Amino acid sequence: MSQTGSLPQGKGLAFKLSLLILSCTSAIFLASFLYYHTSSKTTLMQEARADAANLTLASIRKIEGTLASVEAIPGLLAFSYGKNKPTASAISTDLLGFILFNSAVYGSCVAYEPYAFDRDVEFFAPYAYMPGGRPMFTYLSADYNYPQADWFLIPKEIRRPIWSEPYFDEGGGNVVMSTYSIPFFREEDGRKRFLGVVTADISLEWLRTFIKSISIYQSGYAFLLSRNGVFLSHPNDQFIMRESIFSLAETHSSKVLRDIGKKMVQGETGFVRLPEFVMGEPAWLSYAPVSNSDWSMGLVIPEAEMFQGLEGLSREVAVIGFIGFVLLLIVVIVVSTSITKPLKTLAERTAEIAKGNLDIPVPKASTGDEVGQLARSFEGMRLALREYIANLTETTKAKERMESELKIARSIQMSFLPKRFPPFPDIEQFELFATLEPALEVGGDLFDFFLLDDGRLLFLVGDVSGKGVPAALFMAVTKTLIKGIAELENSPAEILARVNRELLVDNEALLFVTMFLGILDYKTGELAYSNAGHNPPVLLRSGHNAEWLTVPKALFLGVMEESVYKNASIKLEKDDKLIVYTDGVNEAENQSGAFYSNPRLLDTATNLSSEGAKGICTHLVATVHEFAGGAPQTDDITVLTLHFRGK
């Protein structure tokens, strides 16, 4: 009970159950959420990549369609002017009609090779354009020196149409533009003679407005690079015609951006992540070439906006998960409390029972589940324990009463035995000492000695079969019979024979007794003795080793009426000693189950030959206990020593 009371107060079962369930649930939810978030992000990334590629291609198709519509009329005019020489008026009409009916075209020009239109005219380049939305017509002057312009010189040399790099058309349209130039020729003597180029200009402002109209998420944007990587269109006006993707890469020492620029000017298609300095946040770039013009178009998409739907959905899932967690917490607390409350009450009652309060009832089980079964089991245990303790109390009282009675019986038994030593202090011819240690409170061993009327000493040692009260009572009867019959008979054998017959009367318990009985004439040293199945005594002749006294063989007392007991005699000399004992000495066992044994008894007696009667008894019993080594005593130990001192 003291240990139970000293145990530290730990967390309750409800707390542990709630913590375990919620921890497992949270772990499962978190794992599922992470898997869902990761897989959804991968899926969205694939979809965003496809959407960005489609949007890029759609935007490019739109630009390419516009550029194709710009390229169609110059091609038609170049074919026509190559076949037939137009008049100046016809050219003017063609050019004005072209720019009026194609809103994407800022200006158009038919630039002849010097002296090709008229041998007397070096430069002939009529030009129609739309400054401020109004059609204007003019001729490029000699100061313009158009034959040296890229838009004239390059298609002349490569003999095919081409879009020029953006430039400011000073002296012409006076805006930043890009020019589509298509050369036209005339067949002369089987050879194609270059006559000039027909051009169509598109304003970069128009191109920028067109690209800005492309909607890319909320803050995404599109940009356009020339074949050299120069920004033709960009949300930042400071970049247009002033910066290139390579200059930005050099400014920020970004190899990633430089590699992206190389792939874009090489006409490749891709979807890559941009360095964060481009937008100040994670962003992705989808790019593809514009096939008509060797330009490249890029769409920049902020990552946050690309996954905005996922993040919003994740927040909703997290909120739903948190609400579910709270609801589950409430349910777990309610359920665990309903389960553990009876257990807690049961634990409190069992603690009271453990303290010895067996009258406190265990709560009645109202359910048939494990808790109910446990409560019924505890109630049964409490009732059984109370009954057991009640029985134990009664048994203890009975045992105490029996022990008390045994102590009284032992006192009575011991009162039968001589207790005064030396018993005959006035007689100097002999010394006698005896001791008896019963194995139980009362035993069956006995010894006695007394003087007969004729001055002889009668002494005896006996051992009743069995232990306890019956043996003690049988010993008392035997001792009383010896005392009474000794005065009537003359020899030890006659005494034993008569005692034997008396013991057979009403001996329903079939008890018997072994006995050595001797009568010493202490004046002469003559010792007459008889034996009834008892161990032979040890004879210690003065100056000799111990030896066994030869005894006549006979049955135990109380076994057979016809038993015959014989007398024997020896003459004791001065300082001879006789040790009479019971089998509690030579048959004592130690912890290993070994016997004290007869040889050990003889050796011990020899070693004690110099001792007196008391010394021999005391030391012999001590050697028996020393040999037992703490092993429980299983038989009574009785030793009687007679020391004949002589006349």
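On a predicted model such as this, the values are computed, not experimentally measured, just so you know.

The rules behind these values
- Here, residues in each chain are numbered from 1, in the same order as that chain's written sequence.
- For this predicted model, a pLDDT threshold of at least 70 governs which residues receive local features, and a threshold of 80 or more governs which side-chain atom pairs are given and counted, while totals over whole chains, interfaces and linings are taken from all residues.
- Working from all heavy atoms in the structure, the side-chain values ignore hydrogens and water.
- For patches, a residue must show more than 30% relative accessible area and have no salt bridge; joins then use 9 Å for like charges and 5 Å for nonpolar side chains, namely Val, Leu, Ile, Met, Phe, Trp and Tyr.
- Each accessible area value is a Shrake-Rupley result obtained with a 1.4 Å probe; residue values ignore everything except the protein chains displayed when judging cover.
- Any carboxyl oxygen of Asp or Glu that lies within 4 Å of a side-chain nitrogen of Lys or Arg is treated as forming a salt bridge with it.
- When charges are counted, Lys and Arg contribute as positive and Asp and Glu as negative, whereas His and the chain ends are disregarded.
- A single reference atom marks each charge: NZ on Lys, CZ on Arg, CG on Asp, CD on Glu.
- Going along the chain from the N terminus, every DSSP run of H or I of four or more residues is numbered as a helix, and every run of E of two or more is numbered as a strand.
- Think of it in three bands: with a 1.4 Å probe and only protein chains considered, a residue is buried below 20% of the maximum accessible area for its type, exposed above 50%, and partly exposed in between.
- Centres within 6.5 Å make a pair out of two Phe, Tyr or Trp rings, where for Trp the six-membered ring is used; the pair is then stacked when the planes are under 30 degrees apart, edge-to-face when over 60, and tilted otherwise.
- For a ring to carry a charge above it, either NZ of a lysine or CZ of an arginine must fall within 6 Å of the ring centroid while also lying within 35 degrees of the normal to the ring plane.
- Strands were regarded as paired on the criterion that DSSP finds at least two bridges between them.
- Angles run from 0 to 180 degrees between N-to-C directions of axes, and those axes are lines fitted to C-alpha atoms, restricted for helices to the stretch in contact.
- Contacts were defined at the residue level, with two residues in contact if any of their heavy atoms lie within 4.5 Å.
- The scheme is simple: roughly parallel for angles under 35 degrees, roughly antiparallel for over 145, roughly perpendicular for 65 to 115, oblique for anything else.
- Left-handed is the label given to a crossing in which the near helix is rotated counterclockwise from the far helix by less than a right angle, and right-handed is the label when the rotation is clockwise.
- Nonpolar residues are Ala, Val, Leu, Ile, Met, Phe, Trp, Tyr, Cys and Pro. Charged residues are Asp, Glu, Lys and Arg, and all others, Gly as well, are polar.
- To form a nonpolar core, buried Ala, Val, Leu, Ile, Met, Phe, Trp, Tyr and Cys residues must be joined to one another through side-chain atoms within 4.5 Å.
- Throughout this description, a polar contact denotes any pair of N or O atoms lying within 3.5 Å of each other; where both atoms belong to protein, one of them has to be capable of donating a hydrogen while the other can accept it, and for residues adjacent in sequence the pair is counted only when both atoms sit in side chains.

Novice: What is the right way to look at a positive patch on the surface in this model?
Specialist: Side chains of Lys83, Arg159, Arg191 and Lys192 sit close together on the surface and give a patch of like positive charge. Among the structural elements, Arg159 can be located in the loop between α4 (150-158) and β4 (162-163). Arg159 gets classed as partly exposed once you look at its relative accessible area, which sits at 43%.

Novice: Help me understand the packing of aromatic side chains, please; the structure alone is not making it clear to me.
Specialist: Two aromatic rings, taken as a pair, are described by how far apart their centres are and by the angle between their planes. In total, this model carries 31 aromatic pairs according to the counting rule given. On the basis of an interplanar angle of 15° and a centroid distance of 5.1 Å, the ring pair of Tyr127 and Tyr129 is categorised as stacked. Tyr129 matches Tyr127 in its accessibility class, with the two residues each being buried. Ring geometry for Phe430 and Tyr522: centres 5.4 Å apart, planes at 50°, overall tilted. Of the two residues, Phe430 sits in strand β13 (residues 430-437) while Tyr522 sits in the loop between β16 (513-521) and β17 (526-532), which places them 92 residues apart along the sequence. Against the face of Tyr596 rests Arg600, its NZ or CZ located 5.7 Å from the ring centre.

Novice: Quick question: what am I supposed to make of the environment of Pro183 here?
Specialist: Secondary-structure assignment places Pro183 in strand β6 (residues 176-188). Between the alpha carbons of Pro183 and Pro155 there is a distance of 6.1 Å; along the sequence they are 28 residues apart.

Novice: How should the sheet that holds strand β18 (residues 538-540) be read in this particular structure?
Specialist: What holds strands together in a sheet is hydrogen bonding between their backbones, with the strands either parallel or antiparallel. Read from one edge of the open sheet, 5 strands run β13-β22-β21-β18-β19, paired in antiparallel fashion. Every other strand in the sheet has two partners, leaving β13 and β19 (546-548) as the edge strands with one partner each. Across the sheet, the axes of successive neighbouring strands diverge by a mean angle of 20°, strand direction being ignored. As paired elements, β18 and strand β21 (residues 576-581) share 3 bridges and run antiparallel to each other. Each bridged residue has a counterpart across the sheet, and for Leu540 the counterpart in β21 is Lys577. Most of the contacts of helix α14 (residues 598-607) go to β19, to which it runs at about 140°, and overall it touches β18, β19 and β21. The sheet strands contacting helix α15 (residues 613-628) are β13, β18, β21 and β22 (637-644), and the helix crosses β13 at an angle near 25°.

Novice: Would you take a moment to explain unusual backbone geometry for this structure?
Specialist: The bulk of non-glycine residues show a negative phi, and the bulk of peptide bonds are trans. In this model, Phe421 is joined to Pro422 through a cis peptide bond whose omega is -5°. In this fold, Pro422 is placed in the loop between α10 (370-416) and β13. The phi torsion at Arg159 lies on the positive side, around 60°, for a residue other than glycine. Even without a glycine there, the phi angle at Asp575 is positive, about 65°. Take Asp575: it is sitting in the loop between β20 (567-571) and β21. Accessibility expressed as a relative area gives 31% for Asp575, which makes it partly exposed.

Novice: Looking at this structure, I do not really get the packing of helix α11 (residues 468-486) against helix α12 (residues 492-504). What am I missing?
Specialist: Working note: a packed helix pair is described by the angle between its axes plus the distance between those axes. The contact between α11 and α12 brings their axes to 10 Å, and the two run at 135°. Taken together, the axes of α11 and α12 lie oblique to each other. Considering the relative orientation of α11 and α12, their crossing is right-handed. Facing Phe474, Val477, Thr478, Leu481, Ile482, Ile485 and Ala486 of α11, the residues of α12 in contact are Ile495, Arg498, Val499, Glu502 and Leu503. Counted by class, the contact of α11 with α12 contains 9 nonpolar, 1 polar and 2 charged residues.

Novice: Sorry, what's going on with the pairing of strand β7 (residues 191-203) here?
Specialist: Two faces belong to every sheet, and in a regular strand the side chains alternate between them. Summarising burial for β7: 10 of the 13 residues are buried, a large majority. By the bridge criterion, 6 bridges tie strand β1 (residues 107-112) to β7 in an arrangement that is antiparallel. By the bridge assignment, Ala111 is partnered in β7 with Val197. Bridge analysis of β6 against β7 gives 12 bridges, and the strand direction is antiparallel. Its bridge partner lying in β7, Pro183 is registered against Val197. Hairpin connection from β6 to β7: 2 residues lie between these consecutive antiparallel strands, with Asp189 at a positive phi of about 55°.

Novice: How should the nonpolar core be read in this particular structure?
Specialist: One recurring pattern in soluble globular proteins: nonpolar side chains tend to sit buried together. One finds Tyr112, Ile211 and Met297 to be the most contacted residues of the largest nonpolar core, which totals 49 residues. Among the elements that take part in this core, helix α2 (residues 13-83) stands out by supplying 9 residues, more than any other. The residues touching Tyr112, leaving out its near neighbours within four places in the chain, are Tyr81, Pro86, Ile91, Phe117, Phe124, Tyr146, Phe152, Phe184, Leu195 and Gly196. Grouped together as the second largest cluster of nonpolar side chains are 29 residues, Val461, Tyr522, Leu539 and Ile570 included.

Novice: For this particular structure, what's the right way to read the sheet that holds strand β9 (residues 231-233)?
Specialist: Taken in spatial order, the 5 strands line up as β9-β8-β12-β11-β10 in an open sheet, and their pairing is antiparallel. Because the sheet does not close on itself, it has two edges, and the strands there are β9 and β10 (270-274). Each neighbouring strand pair of the sheet contributes to a mean axis angle of 30°, computed without reference to strand direction. When strand β8 (residues 221-225) meets β9, the two strands line up antiparallel, connected through 2 bridges. Bridge pairing in β9 links Leu225 to Phe231. Across the sheet, helix α5 (residues 204-212) lies against β8, β9 and β12 (295-302), angled at about 145° from β8, the strand it touches most. Helix α7 (residues 255-265) contacts β8, β10, β11 (283-290) and β12 of the sheet and is inclined by roughly 160° relative to β10.

Novice: I would appreciate a short explanation of a nonpolar patch on the surface in the present structure.
Specialist: Taken together, the side chains of Val319, Phe322, Ile323, Phe325, Val326, Leu327, Ile330 and Val334 define a hydrophobic patch exposed on the protein surface, amounting to about 720 Å² of accessible area. Position of Val326 among the secondary structure elements: in helix α9 (residues 308-354).

Novice: Is there a simple way to think about the side chain of His534 in this case?
Specialist: Mapped onto the secondary structure, His534 falls in the loop between β17 and β18. With a relative accessible area of 6%, His534 lands in the buried category. In terms of polar contacts, His534 uses its side chain to reach the backbone carbonyl oxygen of Tyr581, at 2.6 Å. Not counting residues within four places of it along the chain, the set of residues in contact with His534 comprises Val461, Gly462, Asp463, Thr514, Met515, Phe516, Tyr581 and Thr582.

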